[in-house]
Amino acid sequence: FKISLSYMVTYVVTHCLYCTVCCIPKKPISVELSCGAGPVHVVLEPDHPLLLECHLGASESPLNVTWLRDGVLLSESQTIRPLPNGSLLILPSSTDGQAPVGVEGGYSCLSTSSTGALTSRALTLHLASLSRFLQDPEPQVVPVGGTARFECYVDGLPTPSITWEKDQAPLPAPTQPLEPSRYISLPNGVLQILGVTKEDEGLYRCLAFNSARTRFSQDASLTKLRGSLNTITIQYRVVIVAPPRNSTVVMGRPAVMECMAQGEPKPFVSWSRQDGKPIATDVVVLATNLVIPDTRSHHAGVYVCRANKPKTRDFVSSPAELRVLAPPVILQPPEAVSLSRGNTARFVCNSSGDPPPALRWLKNGEPVQSNARVKTQNPGVLLINQLRLDDAGYYQCIAANSLGTACATAKLSVIVREGLPSPPRHVLAIPHSSTSALLTWDPPEHNSDQIIGFSVHYQRTAGSDNMEYQFAVNNDTTELHVKELLPHTAYTFYVVAYSLMGASRPSLPVTVEMLEDVPSASPQLSLLSTSPTDIRVMWLPLSLHLSRGAITRYRIDYRALEQVDHIYSVEVGGNETQVTLKDLKPNQTYQLRIAAGTRAGFSQSSEWASHHTPNLTQVLFAPTELKVRAKMHSLHVTWQPPPNHTQITGYKLSWRELDGEELANEEKPMINERIQQIKLRKRVKHHEVTGLAPDGLYEVKVWAFNKQTEGYPAVWKGRTEKTTDSLPPLPPISVRARANSSTSIWLRWEKPHFSNVRIINYTIRCSPAGIRNASLVSYYTSSSQEILLESLKPFTSYEIAVQSNGADMSGPFSSTVEEPTLPDRPSSPPLDMQLSALDSYSVLVSWRPPLEPNGVILSYWILYTGNISHPDHLWIHLTHDGSVNSAEVQGLMSGMRYYFKMGACTEVGVGPYSPVKDVLTPPKKYGVYLDIHAVTGIIVGVCVGLLCILLCMCVSFRNGKTRYAPLQTLKDP
């Protein structure tokens, strides 16, 4: 009834609104917008209103429905009417009867409820249209018996239907009922006329129509050529006159593979697929053409048209590729999960489409912002660590390509149980050195006695997408010495407490900046002379990783080669990148080095670099204003002539790549000796260096030369642009796992042999084997090539994989290794221990195995006593095999209360005992103790006795009757 009433309200409101615009009401065309599969395009046709209904499938009724067009909030107008039930009515014309303006675009709806918000897939709305003919048919002159071909092309929405007319009348039909038509009209606007006769002469035109309008093409004449095909053009060679064309078709629309061949005799035309697969059964053969009415993905491929000359082996073939574009489809939607606070949520979404769709994630209708806790991984994985209450809501995976969008929804519920510990208090971080800090905290104020451990979380404060590191700490400590931090870097720490019930809320974060350190490397030097008495010293600033603090000054040491014991020093500010040493001697060799300094001190000086000052008489100065514009694969170099440019003949330009990885780790960079050099004319003042690697460090030199000497170079050093589609790092190799204890596993791996990017750290994924519950998957981070995975479950097999992380992206996980933890004592007692007294002297004990055996149960220990105050060693101890679940305890005393408890035992030892239960043996029954055999004997004896008495009575009665019989005879004479 509710559905019928809702439909009636929508129908009535829609018709009432539309009747205010048009005289004749039309039933609207209803299109549902959801987060599932559905149309991605819709056409607003004349006289047909469009009703968009928002159905996002949330469990709660929406509180508010908002409509958007191209991502912008939609406002009501004469042609766009939001309805009270949340639907959107779009009218095909305005009040003046003209076509609506500004209604085309991508429509989506946003539904808001108390749990969160959901957005629908985008639906692109187009107005019905039909263009002018983009190609008109052309006149044809064909001999009798030949084949004529006309073609026209028009564009429109909805896809127009195309028919042909001859002399402004429909094409003639076959004269005989079973005779095939000689007129082949293809859906792509081609008309083929087979076996042309004199009657086929005339004017032909193309007619295209859809709901927008009808259009006619220009007329094209068909003229019969004198003579016949046999007498005029005898073609012994087979020719394909209309070969198939490569085409791209949107899935669901028709596709045509045309093929026309001529020859004498008439060739035989056949089709095949180049990959050897059979042609689909839904493909229609129309004369010698292939027509696919409803194109699907399996139709894509290369089709080959082959024309054979009958009774010979002569043939020609022509291939053409059919590509089928498909809108996005969600193959694996994310699954709804309910997790406790502090756990890890992992959503997986896989999609398909052509072109391959791009994936993005929404939370409550807004883009998910990546941060230290929330990461998006390829392909289509959303990872949320350390769940908080504000993480709850609706998460949507949106797949989009040029044909449309598809989406899938999953709800994340964050559960907070009663009795959880409150957050840790008084978190304090104190720098211990430039690379380590001491973190301390106080236990939670509430439920601190239930804590089983803490987790420490930290990340760099600056930046929005930093890696978050996590360490597990036992419950017997409230401090952690955090190492391997970066000097002069701010870090944010927080602590979470864990009990058996779950995780607490995170503590208040605390931020600390690490101490500065001396730089770990010195800058690179570039040297040139602009005159015989000076040397210009240039260098590149150190990276943050190498500077390890704020660079406050540079020290340049120099000495003449003839006087190595006399070292001179010059200091400049930390913002400088060059300095000119003056008043030097011409034609002398000098050695120079540089050191960078922070407040903590200077780095180790660079290696001595040599430079020879020019001669006063013959010198060519370096070119001026050297500028280099770096691109991804090239460097555009420009310069200006030196001051004495009249003495030069031309320029030389060289470039080489510096090893960036060695540069980042060594004080003295390893130089790639493959130097490339070219000569340029004097008038040339620019050059494009191509074929370079993205994000590579290069050195470019330009110098002048003449017939007598070469000048001093102008030098530039810098990097090419980073690639936008760089490949992710390769996964680690030789992953090895070894159980260290019942709760820990040592994991070691090796760096991939060929790494295309610099690996910063590694992510370790660990989960119980065979389990696909995302809440049981744990992730760890390590900057070294080993890690001890702790806080695992005993006697449990784990699947472990390792992932390499670069500076900007993460690579795929390695192959999975499986390793079980060692067994341990059971951490829980046997379940449901039941006691029942069999008699006064025995009790039956039954139970179920423990919930957490932590190994193979070898035996069960049953302890019982008549005095509950006795210590354990005074209880009577019985052992039973671990494969049984019940046992009979005999030799008890009657009428006595006994107390029982039991535990399970593995190879490591016995686990905790079950709660004590008691049973009362029944008292002994005094008197003759008769067993079943005695009772049976008594019953048999009594029965025999009764039978004997009955026989005696029968005999006595019979004897009595015999004794009285003679007396009666005497009395009767």
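This structure is a prediction, so every number in the text was calculated from the model and none was measured.

A. Just unusual backbone geometry, in detail. The peptide bond linking Leu-157 to Pro-158 adopts the cis configuration, its omega dihedral lying at -5 degrees. Mapped onto the elements of the fold, Pro-158 is located in the loop between β14 (156-157) and β15 (161-166). Cis geometry is found at the peptide bond from Asp-354 to Pro-355, where omega equals 5 degrees. Note that Pro-355 resides in the loop between β33 (350-354) and β34 (358-363). Even without being glycine, Asp-70 reaches a positive phi, approximately 55 degrees.

B. Seen up close, the pattern of salt bridges. Here the structure, examined in full by the defined rule, presents 23 salt bridges. Salt-bridge contacts for Glu-151 lead to Arg-245; the nearest nitrogen and oxygen are separated by 3.2 Å. Taken together, the residues Glu-151 in strand β13 (residues 148-151) and Arg-245 in the loop between β22 (239-242) and β23 (247-250) connect sequence positions 94 residues apart. What makes Glu-151 buried here is its relative accessible area of 13%.

C. Quick look at the packing of aromatic side chains. As enumerated under the stated definition, the model contains 16 aromatic pairs in all. Arranged with centres 5.2 Å apart and planes meeting at 25 degrees, the rings of Phe-150 and Tyr-204 form a pair that is stacked. Here Phe-150, found in strand β13, pairs with Tyr-204, found in strand β19 (residues 202-209); they are 54 residues apart in sequence, far enough to count as distant. The pair formed by Phe-150 and Tyr-204 is uniform in burial state, with each residue classed as buried.

D. Highlighting the sheet that holds strand β37 (residues 381-384). With antiparallel pairing, the 3 strands of this open sheet are ordered in space as β32-β37-β36. Edge positions in the open sheet fall to β32 (345-348) and β36 (374-377), since each of these has one partner strand only. Between one strand axis and the next, the sheet turns by 15 degrees as a mean value, whatever way the strands run. In terms of strand pairing, β36 meets β37 through 4 bridges, oriented antiparallel.

E. Structural detail: the sheet that holds strand β27 (residues 284-286). Pairing is antiparallel in the open sheet, where 3 strands are placed in the order β24-β28-β27. Strands at the two margins of the open sheet, each flanked by one partner only, are β24 (255-257) and β27. Going from strand to strand, the sheet's axes swing by 25 degrees on average, the running direction of each strand aside. Pairing of β27 with strand β28 (residues 289-292), which is carried by 3 bridges, proceeds in the antiparallel orientation. Across the sheet, Leu-286 pairs through a bridge with Asn-289, a residue of β28.

Scoring rules and cut-offs
- Residues numbered from 1 in each chain as written.
- Predicted model: local features only at pLDDT ≥ 70, side-chain atom pairs only at ≥ 80, totals over all residues.
- Heavy atoms only, no water.
- Helix = DSSP H or I, 4+ residues; strand = E, 2+ residues; numbered from the N terminus.
- Salt bridge = Lys/Arg side-chain N within 4 Å of Asp/Glu carboxyl O.
- Buried < 20%, exposed > 50% of the residue type's maximum accessible area, 1.4 Å probe, protein only.
- Phe/Tyr/Trp six-rings, centres within 6.5 Å; stacked < 30°, edge-to-face > 60°.
- Pairing = 2+ DSSP bridges.
- Axes fitted to C-alpha atoms, helices over the stretch in contact; angles between N-to-C directions.

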